[in-house]
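Structure assessment
Each chain, written out:
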Amino acid sequence: MIGFNGLFERCERFVGCAYLTLRAAFARSRGAGMFVALSVVVSAAVPTQAQPSASSPTLTPPSLLFRNPDVLAPTLSPDGTHMAVLARRGDKRDRLNIAVINLDTNRSSFVTPFDDSDVVEVHWVNNSRLIFTTGNLLDAAGNTVPWRQGGMFAIDRDGSNARRLVSPLGTGDAIVLRPRYSIFMQSINDGSDDVVVAANDSNFDALDVYRLNTRSARKTLLSAGSPGDTQRWTLDRSGAPRAAVSQTRSRVASYWRSTDSSRWQKMFEGEFTEQGSAVAAVDYDGSLIVSTYQGARALPTAAGGVFANSVAPGNPALRDTAGLARADPQTGQLREWIFAHGRVDHGEVIFDPLKKKLVGVRYIDERIQTHWLDDDWRSIQRAIDQALPGQTNLITPPQQNKRMLVVSTSAKNPGSVYDFDFPTRKLKFLFDFKAGMSSQSFFDVRYVKFLARDRLPLAALIAQPNAGAAPRPAPTVVLVPGGPWMQSPCACWTPDVQYFAQRGFAVIVPVFRGQLGLGHRHWVASAKQWGLAMQDDIADAVEYAVKQGIADPNRVAIMGASYGGYAALQGAAKTPSLYKAAVAIVAPTDLQLFQSITWADYSDSTFQRFLSPILIGDESKDSEQLRVTSPINNAAQVTASVLLAYGGEDRRVPQQHGVRMRDALERAGKSVEWIYKVDEGHGFANLENRVELFTRAEALIRSAFATR
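Computed from a predicted model, the values in this text were never measured in an experiment.

The next thing to look at is the overall build of the chain. When helices and strands are tallied, the chain shows 13 helices and 38 strands. Looking at the chain residue by residue over its 708 residues, the buried ones come to 61%. In the chain, once contacts between residues fewer than 6 apart in sequence are set aside, the share between residues at least 24 apart is 60%. For the chain, the exposed surface amounts to about 25700 Å²; the carbon and sulfur share of it is 48%.

Set out below in structure tokens:
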């Protein structure tokens with residue numbers, strides 16, 4: 001969608017250290033009306049996730065809780081015979097590498113050897129070759145935009161014929177702030193070793209589309225004659241660029257064309273904060289799938305589609321949430337609604353490569369959900385949900401009808417993977433993402449809704465350790481997500497929530513203004529509100545929990561990373577009576593420095609030059625606001641116990657933010673704990689450092705609650 005959500009899929013976004021979203025690649029089954037019943041067969045070698053019991057969860061050691069997943073992101077080869085996964089090698093550095101499993105013989109082997117970085121993204125080029133990206137799984141900057149941190153490589157599934165396609169950022173002695181990089185877009189599936197990538201080879205601030213040979217690393221330009229200044233491309237099903245979103249300063253425009261020789265036609269132009277339209281995908285028949293805020297209810301709704309009203313405040317002609325509509329590829333005129341939700345924006349679209357049509361739409365409304373447009377897939381989803389009740393069961397159509405993978409998750413389950421066998425219609429348990437942890441050990445997470453003090457609809461995720469017959473207010477930890485302009489959190493499993501809930505704390509994860517997916521009004525309300533209304537939203541979530549008898553108002557701590565760390569410090573300064581402890585990880589503390597810095601990875605970027613002045617504040621015009629809302633200038637107001645944690649290799653928030661904040665607190669006579677890890681980046685990637693961070697944070701919080 002146009003607006004911040006869609007435009008900055010590749011932008012240098014300011015993100016927090018959240019647990020990696022499950023980026024599983026899935027497979028599919030096929031056929032109409034094939035489910036009479038669905039049986040489950042569980043591999044005898046590995047136990048399934050245990051069912052919840054009435055007993056209290058047991059304490060999970062932090063070394064187990066915070067280690068990288070044993071397995072992550074399973075993806076089937078096009079022919080369905082092999083599965084590539086990101087797997088923990090089990091060495092000291094706890095890194096994820098690629099393992100390939102032959103699903104017919106159950107034989108597996110590692111095909112990559114990295115011990116100083118993770119493989120964070122892997123795709124099949126064809127049945128025998130893989131392309132992948134490296135980075136740090138728990139480095140928020142490297143995880144969200146791995147192409148700016150790691151390298152891109154290709155390798156055969158047996159570990160041979162490795163080829164470096166793009167060098168990692170900062171190799172050698174030089175620190176590269178404006179690197180050349182390539183982003184995987186799509187496999188071509190034409191029998192070749194080629195894929196389609198986007199790269200900034202010709203312009204640091206814009207992307208072109210190339211066909212890339214993964215053996216020779218040779219690129220062939222596909223986007224000649226592009227609209228220019230392109231930030232995002234949309235390909236058709238064969239890999240040809242058919243739509244583009246460009247940006248000039250803070251203005252954006254979206255374009256499309258129906259063939260390689262057609263003229264680019266403009267669909268929308270305006271400020272990036274406006275509610276516009278852009279092509280989200282191209283169907284097999286060439287029709288455009290358009291992300292739009294247009295509110296013309298007169299359009300019919302597609303078979304299997306859904307439409308719900310969502311009127312933008314002050315403009316009944318527009319929607320507040322972004323929906324999907326089908327459009328004519330020649331004129332760009334909208335034909336029919338595909339998906340329009342009343343509360344949340346649409347997510348990714350799902351195609352069936354065998355039926356060759358659009359069959360579903362993912363979205364997040366409290367949890368990850370799928371709206372199926374196709375009757376067959378709707379019945380398949382229903383049968384799987386009945387076989388795996390109480391879970392979010394994610395499936396995606398594969399390129400064959402032999403098998404598909406089902407990834408099953410919940411707030412109490414980090415993720416389990418099942419193999420659905422098409423001929424027998426049975427599910428076989430394969431593995432858990434994190435072995436050795438039962439769902440009995442974890443707490444459920446509730447999604448609650450309330451109004452901010454200015455009446456903006458807000459929400460929060462709450463884990464309540466004593467939510468029994470007679471709940472009582474509990475000591476509370478507020479875990480503020482990073483971003484802030486990231487997808488809003490859902491009721492999913494996260495290790496930090498479970499760590500504190502297991503240890504007797506109520507946990508609040510605030511869904512504050514600015515987080516994406518909740519409509520245009522929600523995110524645009526965050527403009528220039530760092531430390532102001534955004535901070536009030538977090539305090540309002542605490543107030544809600546206190547009124548509901550969940551949180552003990554005399555024992556509340558606040559903790560976060562990146563923007564969440566900023567909010568922890570600013571909260572401790574703005575409302576000192578509310579928080580008894582504040583833990584800030586890789587946190588910006590000086591917004592004037594944040595705007596003017598020249599040695600961060602976003603320096604001289606489009607975001608810093610044109611968008612940050614609108615979203616955070618202009619360095620000159622808003623200098624007083626930036627000064628007042630910088631924690632470094634408010635150290636004297638802090639009464640909470642403080643822990644600061646920073647990494648020496650952090651290019652997003654250089655350590656000067658932390659050093660100066662520590663010094664300001666000490667000059668004001670405040671006690672502050674300091675964690676500095678020379679080899680960490682924007683988030684702690686090494687297990688021993690993650691364990692130290694959380695155990696020291698817990699100790700600080702308990703001490704603050706006991707003495708205040």
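Next, the rest of the story.
Right, let's get into the side chain of His657. Within the secondary structure, His657 sits in helix H12 (residues 656-667). For His657, the side chain forms a polar contact with the main-chain nitrogen of Asp590, separated by 3.4 Å. Ignoring sequence-local partners within four residues, the contact set of His657 consists of Ala587, Pro588, Thr589, Asp590, Leu593, Phe594 and Tyr646.

By way of backbone hydrogen bonds, the strands of a sheet pair with one another, either parallel or antiparallel. The strand order E24-E25-E26 describes an open sheet built from 3 strands, whose pairing is antiparallel. Because the sheet does not close on itself, it has two edges, and the strands there are strand E24 (349-352) and strand E26 (367-372). For this sheet the average axis-to-axis angle between neighbouring strands, irrespective of direction, equals 30°. Docked against the sheet, helix H4 (residues 375-387) engages E24, strand E25 (357-365) and E26, running at close to 140° with respect to E26.

The next point concerns helix H8 (residues 563-574). Over its 12 residues, H8 runs 16 Å from end to end, which matches the ideal 16 Å to within 8%, given 1.5 Å per residue. Most of H8 sits inside the fold, with 11 of its 12 residues counted as buried. Those residues of H8 that fall on the buried side of the exposure criterion are Tyr563, Gly564, Gly565, Tyr566, Ala567, Ala568, Leu569, Gln570, Gly571, Ala572 and Ala573.

We now examine the packing of helix H5 (residues 495-502) against helix H13 (residues 687-707). Across the interface, H5 lies against H13 with an axial gap of 12 Å and an inter-helix angle of 40°. Classified by the interaxial angle, the pair formed by H5 and H13 is oblique. Along this stretch, H5 crosses H13, giving a crossing that reads as right-handed. Along its contact with H5, which presents Asp496, Tyr499 and Phe500, the element H13 presents Phe694, Thr695, Glu698 and Ile701. Across the contact of H5 with H13, the residue classes tally to 4 nonpolar, 1 polar and 2 charged.

Reading the values: rules and limits
Residues numbered from 1 in each chain as written. Predicted model: local features only at pLDDT ≥ 70, side-chain atom pairs only at ≥ 80, totals over all residues. Heavy atoms only, no water. Helix = DSSP H or I, 4+ residues; strand = E, 2+ residues; numbered from the N terminus. Buried < 20%, exposed > 50% of the residue type's maximum accessible area, 1.4 Å probe, protein only. Contact = heavy atoms within 4.5 Å. Areas by Shrake-Rupley, 256 points an atom, 1.4 Å probe, with all protein chains shown as cover. Polar contact = N/O pair within 3.5 Å; in protein donor to acceptor, adjacent residues only side chain to side chain. Pairing = 2+ DSSP bridges. Axes fitted to C-alpha atoms, helices over the stretch in contact; angles between N-to-C directions. Expected span 1.5 Å × (residues − 1). Parallel < 35°, antiparallel > 145°, perpendicular 65-115°, else oblique. Left-handed = near helix turned anticlockwise from the far one by under 90°. Nonpolar A, V, L, I, M, F, W, Y, C, P; charged D, E, K, R; others polar.

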